[in-house]
Amino acid sequence: MNLPNGITGFYDSEANKPPQIDGQLFKQLCFSIASLHSGNIIDFKAPHYPANFYCAQVNVFDNLFSILLNEHYPYLAFASVNENTTFTFIDVPFLHAYFSPFYYLLDTTILNKPFTPLLNTELNSAELEQIAYWKPKTIGQIIFNKWD
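Residues numbered from 1 in each chain as written. Predicted model: local features only at pLDDT ≥ 70, side-chain atom pairs only at ≥ 80, totals over all residues. Heavy atoms only, no water.

## With respect to the overall build of the chain
Scanning the chain from N- to C-terminus turns up five helices and six strands. When the helices and strands of the chain are read in sequence order from the N terminus, they spell out α-β-β-β-β-β-α-β-α-α-α. Its C-alpha radius of gyration of 15 Å places the chain within 12% of the 15 Å reference for a compact globule of 148 residues. Based on the C-alpha atoms only, the size of the chain along its principal axes is roughly 45 × 30 × 25 Å. Buried residues in the chain amount to 45% of all 148 residues. Pairs at least 24 apart in sequence give 58% of the contacts found in the chain among residues at least 6 apart. Put simply, the chain shows about 7,800 Å² of open surface, and 54% of that area lies on carbon and sulfur atoms. Separation between the mean location of the 7 positive side-chain charges and that of the 13 negative ones in the chain comes to 5 Å. (Helix = DSSP H or I, 4+ residues; strand = E, 2+ residues; numbered from the N terminus. Rg over C-alpha atoms; globule rule 2.2 N^0.38 Å. Buried < 20%, exposed > 50% of the residue type's maximum accessible area, 1.4 Å probe, protein only. Contact = heavy atoms within 4.5 Å. Areas by Shrake-Rupley, 256 points an atom, 1.4 Å probe, with all protein chains shown as cover. Lys, Arg positive; Asp, Glu negative; His and termini not counted. Charge placed at Lys NZ, Arg CZ, Asp CG, Glu CD.)

## Some thoughts on the confidence of the model for the chain
Put simply, the chain has an average pLDDT of 93, and 95% of its residues get 70 or more. Within the chain, the element-level pLDDT minimum falls on helix α4 (residues 125-134), averaging 94, and the maximum on strand β6 (residues 104-105), averaging 98. (pLDDT = per-residue confidence, 0-100.)

The structure is reproduced here in structure tokens:
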């Protein structure tokens, strides 16, 4: 997977600043989809330092999980609910049809793929410094991070 400039939330100049995602649309979709399936939103968090993603914690069909959306690019993933800083990415296929018109859904095959710097040429120098420091093992750990 080619990771675009700024996917981590870090950039090396104002000219290289990544775009921002419409968080309001994501929030509305999460609430609507949960309601449609007799579920509910337990918590909704907009990106806040140091996280670079939106996070909706949902309960649908008695399954508790998180829906993650990168703050800068329309990359969406599902994860089991953890209290620590890492995620266990999961696939939730029955929700794909609702989100796919708006976002690129990342499955566990992509998210858990090992990251090697040779895979990408679009990451900027600030991101490469962060990657060298934090040493993420997978693509998912780069797209959805809590680096400070």
